[in-house]
Each structure stands twice: as structure tokens, then as C-alpha cells.
Amino acid sequence: MSSRRTSKGKAPDVLSAAYLERTGNNKNELLRRLTAVTETLSSLSEDLDPTSHPGLLSLSTALVSPSIIGHRDKDVRLHAVLAACELFYIFAPEPPWEESEIIEIFGQLIRQLGNLHATSPGGSNFEAYFRILEQLSEVKIGVVLVDLVRTERGGGAG
């Protein structure tokens, strides 16, 4: 009965902003729910059609809120970045965020990658860091940032 289970029946409930908002100010509950979100996204990402889960857009918005992506706890920020990476994969090629939000995600992603030096294969967050690195290599998330920079410079694609 744990919310960590990732059955298709539970996916719509977990994959929404409302699921994250029900934590109040409890950091442990927020972290537990973010972990459930990332596990669900990871297990369903290949089969998930964003249009069949309207809660994904609200989840995307919730993740970039200062109370989550900018949370004072490093584990909360790590799992928010991981969830964002999963959403980049699901929504590819068009991410569900505005440019400023994408830049915020990348800033936090870079800060999280800076923590790799303190992570070991047996560490509690090793799997999360590993999954982020997998997403970076498989989805080519960095291309989104390059496109944003080109657009800002006025170079565009044409």
C-alpha cells in the first residue's frame, strides 16, 4: 500500500502537483513524495503520453517552484532535478517549461552534479545521480540549453 509502488493505477494520482502540495512543510514527506514521483516517472516514461496525464503539466510547474527546486534541503533539490530530467524525456522534444524555468532547472542540475564528488556507489543518493547522468546522455537534455542560448543571441535556427 506504499505510495512508492508504481502501478499504472496509481500513476495519475502521483503524477500531479496536488500530490506534492499535500506535504505541508514536512521535508521528509516532500522527499518521500518526490521519490515516489521520480520512481513512477522512471517506470512509466517509455509508455507515458503526456496528453493522457494532464497532471503532468501541473507537476512540471510545481517542480520549478522555489519551494521545491530551491528547497533548503539538498535531497529535495536532487529529487526535483531528477523528476525534471524524467519530464524532459517524456515531453521531448518540447519541454513543458518557460525559458527562465529551464535555466533554473539547469542551474540546479549543475549544482547537483557538483555534489558527485561526495557520492559513492553505496551512498544513499547514488542511484538518483546515476539516473540523472543516464538522462543527460540518453535524452540529450543539454541540447535544450544550447537552443536557448542560440535563441537569446538572436542566432536562431534559420
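So, a few notes on the structure that sits alongside this text.

### Focus: the overall build of the chain
Within the chain one finds eight helices and zero strands. Along the chain, helices (α) and strands (β) appear in the sequence α-α-α-α-α-α-α-α when read from the amino end. For the chain, with 158 residues in total, the buried portion stands at 43%. A fraction of 66% describes how many contacts in the chain between residues 6 or more apart in sequence connect residues 24 or more apart. Accessible area for the chain stands at about 8,600 Å²; split by element, carbon and sulfur atoms hold 53% of it.

### Remarks on the nonpolar core
Grouped together as the largest cluster of nonpolar side chains are 43 residues, with contacts concentrated most on L20 and L41. Mapped by element, the contributors of at least two residues to this core are α2 (17-21), α3 (27-44), α4 (55-63), α5 (74-91), α6 (99-113) and α7 (126-139). Apart from residues no more than four positions distant in its own chain, L41 is found in contact with L15, L48, L56, L59, A83, E86, L87 and I90.

### So, α6
For α6, built from 15 residues, the straight-helix expectation of 21 Å at 1.5 Å per residue is met to within 8% by its first-to-last C-alpha distance of 21 Å. All buried positions along α6 are accounted for by I102, I105, F106, Q108, L109 and Q112. Buried residues in α6, looked at end-on, bunch into an arc of 165 degrees, giving them a common side. Turned more than 90 degrees away from the buried face of α6, the exposed residues are S100 and I110.

### A word on the pattern of salt bridges
Under the criterion given, the structure shown has seven salt bridges. Here R33 makes a salt bridge to E29, at a shortest N to O gap of 2.6 Å. On the criterion of helical spacing, the pair formed by R33 and E29 is a turn pair, its members being four residues apart in helix α3. The class for R33 is buried, based on a relative accessible area of 12%. In this structure, E86 and R131 form a salt bridge, with 2.6 Å as the shortest nitrogen-oxygen distance.

### Considering unusual backbone geometry
For the peptide bond that leads from A92 to P93, omega is 10 degrees, which places it in the cis range. Within the fold, P93 resides in the loop between α5 and α6.

Definitions and cut-offs
- Residues numbered from 1 in each chain as written.
- Predicted model: local features only at pLDDT ≥ 70, side-chain atom pairs only at ≥ 80, totals over all residues.
- Heavy atoms only, no water.
- Helix = DSSP H or I, 4+ residues; strand = E, 2+ residues; numbered from the N terminus.
- Buried < 20%, exposed > 50% of the residue type's maximum accessible area, 1.4 Å probe, protein only.
- Contact = heavy atoms within 4.5 Å.
- Areas by Shrake-Rupley, 256 points an atom, 1.4 Å probe, with all protein chains shown as cover.
- Core = buried A, V, L, I, M, F, W, Y, C linked by side-chain atoms within 4.5 Å.
- Expected span 1.5 Å × (residues − 1).
- Arc of directions from axis to C-beta.
- Salt bridge = Lys/Arg side-chain N within 4 Å of Asp/Glu carboxyl O.

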